[in-house]
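Breakdown of the fold
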Amino acid sequence: MLTNNLDQLRKAAREGYAIPAINTQGGNYDIIRACCKAAQELGSPMILAHYPGTGAYSGHDWFVHTAQWCAGQVDVPVSIHLDHGDSVPLCAQALELGFTSLMIDGSRLPVEENAALTNQVLAMAREQAVPVEAEVGELLRLENGVALENKNIASPEQVRRFLQLCQPDTLAIGIGNAHGYYKGRPDIHLEVLEQVRIFTDLPLVLHGCTGMEEDLVKAAIRLGVAKINFGTEIRWRYLEHYRRAMDELDHQGHSWKVSQYASDALCEDVKRIIRLAGSEGKA
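In short, a report on the structure.

Cut-offs and rules
Residue indices begin from 1 for each chain and proceed along its sequence in written order. Totals for whole chains, interfaces and linings use every residue, but because this is a predicted model, local features are given only for residues with pLDDT of at least 70 and side-chain atom pairs only at 80 or more, for both listing and counting. Remark: hydrogens and water are excluded; side-chain values derive from all non-hydrogen atoms of the structure. Paired rings are identified among Phe, Tyr and Trp, the last through its six-membered ring, by centres lying within 6.5 Å, and are further divided according to the angle between planes into stacked (under 30 degrees), edge-to-face (over 60) and tilted (the rest). For helices the rule is a DSSP run of H or I covering at least 4 residues; for strands it is a run of E covering at least 2, with both sets numbered from the N terminus onward. Throughout, exposure labels follow a simple rule: accessible area from a 1.4 Å probe, protein chains only, divided by the maximum for the residue type, with under 20% read as buried, over 50% as exposed, and the rest as partly exposed. Between any two strands, at least two bridges found by DSSP are needed for them to pair. Any two residues having at least one pair of non-hydrogen atoms within 4.5 Å are treated as being in contact. Disulfides are defined in this document as cysteine sulfur pairs within 2.5 Å. To form a nonpolar core, buried Ala, Val, Leu, Ile, Met, Phe, Trp, Tyr and Cys residues must be joined to one another through side-chain atoms within 4.5 Å. In this description, the arc belongs to the directions extending from the helix axis to the C-beta atoms. The axes used here are C-alpha line fits, helices contributing only the stretch in contact, and every angle between their N-to-C directions lies in the interval 0 to 180 degrees. The term salt bridge refers to a pairing of a side-chain nitrogen on Lys or Arg with a carboxyl oxygen on Asp or Glu at a separation within 4 Å.

Here the focus is the packing of aromatic side chains. On inspection of all chains with the given rule, the structure shows two aromatic pairs. Judged by centre distance (5.4 Å) and plane angle (35 degrees), the ring pair of phenylalanine 63 and phenylalanine 99 falls under tilted. Taken as a pair, phenylalanine 63 in helix 4 (residues 60–71) and phenylalanine 99 in the loop between helix 5 (88–97) and strand 4 (101–104) lie far apart in primary sequence, 36 residues in all. For the pair phenylalanine 63 and phenylalanine 99, a shared accessibility class is recorded, and that class is buried.

Moving on: the pairing of strand 1 (residues 19–23). Most of strand 1 sits inside the fold, with five of its five residues counted as buried. Neither face of strand 1 is left uncovered, since the one carrying Ile19, Ala21 and Asn23 and the one carrying Pro20 and Ile22 both have all their residues buried. Relative to strand 11 (residues 225–230), strand 1 runs parallel, the two sharing four bridges. Each residue of the ladder has a partner; that of proline 20, found in strand 11, is isoleucine 228. When strand 1 meets strand 2 (residues 46–50), the two strands line up parallel, connected through three bridges. Looking across to strand 2, one finds that isoleucine 22 is bridged to leucine 48.

To continue, consider the side chain of histidine 241. Following the sequence through the fold, histidine 241 ends up in helix 10 (residues 232–248). The class of histidine 241 is buried, set by a relative accessible area of 8%. The contacts of histidine 241, once residues within four sequence positions are left out, are Tyr261, Ala262, Ala265, Leu266 and Asp269.

We now examine the state of the cysteines. For the structure shown, the criterion picks out zero disulfides. Not engaged in a disulfide, the cysteine cysteine 166 finds its nearest cysteine sulfur in cysteine 91; these two sulfurs lie 13 Å apart. A relative accessible area of 3% means that cysteine 166 is categorised as buried.

By size, the foremost hydrophobic cluster in this structure holds 77 residues, and its most contacted members are Leu48, Leu102, Leu171, Ile173 and Ile228. If we ignore the near neighbours within four places in the chain, the residues touching leucine 102 are His81, Leu82, Cys91, Ala94, Leu95, Val121, Ala125, Val130, Pro131, Val132 and Glu133. Counting residues in hydrophobic clusters, the runner-up holds seven residues, among them Ala12, Tyr17, Ile19 and Ala21.

On to the environment of lysine 271, then. Here lysine 271 lies in helix 11 (residues 255–277). By relative accessible area, lysine 271 is classed as buried at 10%. Discounting chain neighbours no more than four positions away, the residues touching lysine 271 are Ala38, Glu41 and Leu42.

A word on helix 1 (residues 6–15). Within helix 1, the full set of buried residues consists of Leu6, Gln8, Leu9 and Ala12. End-on view of helix 1: buried residues confined to an arc of 160 degrees, all on one side of the axis. Across from the buried face of helix 1, at angles greater than 90 degrees, the exposed residues are Asp7 and Arg14. The secondary structure elements touched by the buried residues of helix 1 are strand 1, strand 2, strand 8 (170–173) and strand 11.

Once that is clear, we can look at the sheet that holds strand 10 (residues 204–206). The sheet built from eight strands closes into a barrel, its strands ordered 1-2-3-4-5-8-10-11 with parallel pairing. With strand direction ignored, the average angle separating the axes of adjacent strands in the sheet is 25 degrees.

Evaluated as defined, the whole model comprises 14 salt bridges. One salt bridge in this structure joins aspartate 264 and arginine 33, with 2.9 Å as the shortest N-O distance. Residue aspartate 264 is found in helix 11, and its partner arginine 33 is found in helix 2 (residues 29–42); the two are separated by 231 residues along the sequence. Judged by its relative accessible area of 29%, aspartate 264 falls in the partly exposed class. Residue glutamate 233 is joined to arginine 237 by a salt bridge in which the shortest nitrogen-to-oxygen separation is 3.9 Å.

As structure tokens, this is what we get:
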């Protein structure tokens, strides 16, 4: 069932688990199906995430319609989330299309400008009771483990100042995490979350969970992270399953048989993420 995820995220933060947010590669049906199937079978809430760049092929509306349809086939809470929205017009478009959750990412900006941008989106979204995620501390971007951009680990004082200027519904904080595969063990600064937790009870968000040690993810969840994001792992696992089906399955040229095999296999990967999040049975 399609939902607004804020109550679920607040509950997760209180009770010490997180909700998985899976990047669906622009509304790929096989991936969305796997996420909803895994959530239904384990009784978990699920967040279907859409990164703006991945909508270039299919369109943002395709993602919304596909996600809405799949959410309607299950009876666990499923929300559809704009991940790393980078402008007010894009967030306005997402609201018109029916997204039930938004992220506005002003983390590259100074704190004051980031807060001003976030407030613009908050004003629009609250008219439609849609929650807004913000970010402080820009995430590192990786390509084959190599840094493409400088990282910005947020200081607790930056976060405090940001929250004095605006009040998003959830908050992602840069703590050394990154998008892409890590090369070696990432240098994650959980002490930032510990200090932030002293002055806010907002549900926190951890991006860049692919390749992060499970103990680190679980420790972050204990510190108030209520949403864990996976993108890189999911897209590569899906391609691996699809390739295996092409090579080993007697598909006789029926692409749906290959898609079903890949989706069913990916469902098991999503179940592992649900168990890592601790959200099994929390729907």
